[in-house]
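# Commentary on secondary and tertiary structure
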Amino acid sequence: MENKVQINPATQLANLGEELNVPFLKLLGVRFLSAEMGKGEILLALKPEHTNTWEVAHGGVLLTLMDVAMAVAARSADPGDRSVVTIELKNNFMQAATGILRVKADTVRHTATMAFCEAKLYNDQGEVCCMSTGTFKYLRRLVTRNAKGERVVNDDLRE
């Protein structure tokens, strides 16, 4: 008789990628894999709290993942390393999503002020569950302030 050790998805991802420094994404458990040359990739191991009444990924979770991956791609396409805000997001849900979800995003085109991106979300069998397109506006990073309201200089020397 063979004993199999089962590892839950959250444990599998503990050493994969890195956590993004965004409170909402930390709450969800989103893991950052890569961002380079207009491409971005993220992961999420679905937990019960990410699901709907049918026990598959809630549409809001999927939209969040698509938005984040495309924003990562848009930022990686900008030589000025600016932040982005979402202007428009369109999504097509193709099938229910379960398991460990991976989103791969590409910047299709970018200008001095905008980025136009697309993304696909895959389940852990490699099947496409949804596809998105998004438009993002580049913005200068906002000044960071501490709890006292004082300006904070980040590690990369930007305010």
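Please refer to the structure placed before this passage.
This section reports on the structure supplied with the text. (Residues numbered from 1 in each chain as written. Predicted model: local features only at pLDDT ≥ 70, side-chain atom pairs only at ≥ 80, totals over all residues. Heavy atoms only, no water.)

## Some details on the overall build of the protein
- When you go through the protein residue by residue, the secondary structure sums to three helices and nine strands.
- Along the protein, helices and strands appear, N-terminal first, in the series α-β-α-β-β-α-β-β-β-β-β-β.
- When each of the 159 residues of the protein is scored for burial, the buried share is 33%.
- A total accessible area of about 10,100 Å² is found for the protein, and carbon and sulfur atoms account for 53% of it. (Helix = DSSP H or I, 4+ residues; strand = E, 2+ residues; numbered from the N terminus. Buried < 20%, exposed > 50% of the residue type's maximum accessible area, 1.4 Å probe, protein only. Areas by Shrake-Rupley, 256 points an atom, 1.4 Å probe, with all protein chains shown as cover.)

## Some thoughts on the packing of aromatic side chains
- In this structure the tally under the stated criterion is zero aromatic pairs.
- Cation over ring: Lys104 sits above Tyr122, and NZ or CZ is 5.9 Å from the ring centre. (Phe/Tyr/Trp six-rings, centres within 6.5 Å; stacked < 30°, edge-to-face > 60°. Lys NZ or Arg CZ within 6 Å of the ring centre and 35° of its normal.)

## Considerations on the environment of Gly126
- For Gly126, the position within the fold is in the loop between strand E6 (114–122) and strand E7 (128–139).
- Note on Gly126: relative accessible area 49%, which makes it partly exposed.
- In the structure, Gly126 is positioned 24 residues away from Arg102 in sequence and 8.7 Å away in space, judged by C-alpha atoms.

## Re the sheet that holds strand E3 (residues 39–45)
- A sheet is described by the order of its strands in space; here seven strands give the open sequence E1-E2-E3-E5-E6-E7-E4, paired in antiparallel fashion. Across the chains shown, the open sheet's two edge strands, defined by having one partner strand only, are strand E1 (18–19) and strand E4 (83–93).
- Across five bridges, strand E2 (residues 31–36) lies against E3 in antiparallel orientation. Residue Phe32 lies in a different strand from E3, and its bridge partner there is Ile42.
- Sheet strands in contact with helix H3 (residues 59–76) are E2, E3, E4, strand E5 (100–110), E6 and E7, and its direction is about 135° off that of E4. (Pairing = 2+ DSSP bridges. Contact = heavy atoms within 4.5 Å. Axes fitted to C-alpha atoms, helices over the stretch in contact; angles between N-to-C directions.)

## Comments concerning the nonpolar core
- Formed by 34 residues in total, the largest nonpolar core has its most connected members in Val30, Leu65, Leu101, Val103, Leu121 and Phe136.
- Looking at which element gives the most residues to this core, the answer is H3, with 11 residues.
- Leave out the neighbours within four places in its chain, and Val103 touches Gly40, Glu41, Ile42, Leu65, Met66, Ala69, Ala119, Lys120 and Leu121. (Core = buried A, V, L, I, M, F, W, Y, C linked by side-chain atoms within 4.5 Å.)

## What about the pattern of salt bridges?
- Counting across every chain of the model gives three salt bridges.
- Salt-bridge contacts for Arg102 lead to Glu41; the nearest nitrogen and oxygen are separated by 2.4 Å. One end of the pair, Arg102, is in strand E5; the other, Glu41, is in strand E3, with 61 residues separating them in the sequence.
- The class of Arg102 is partly exposed, set by a relative accessible area of 31%.
- For Glu41, a relative accessible area of 15% gives the class buried. (Salt bridge = Lys/Arg side-chain N within 4 Å of Asp/Glu carboxyl O.)

## Details of the side chain of Ser132
- Turning to its location among the elements, Ser132 is positioned in strand E7.
- Looking at Ser132, its side chain comes within polar contact range of the main-chain oxygen of Lys90, at 3.4 Å.
- At 2.2 Å, the side chain of Ser132 and the side chain of Asn91 are in polar contact.
- Not counting residues within four places of it along the chain, the set of residues in contact with Ser132 comprises Met66, Met70, Leu89, Lys90, Asn91, Cys117, Glu118 and Ala119. (Polar contact = N/O pair within 3.5 Å; in protein donor to acceptor, adjacent residues only side chain to side chain.)

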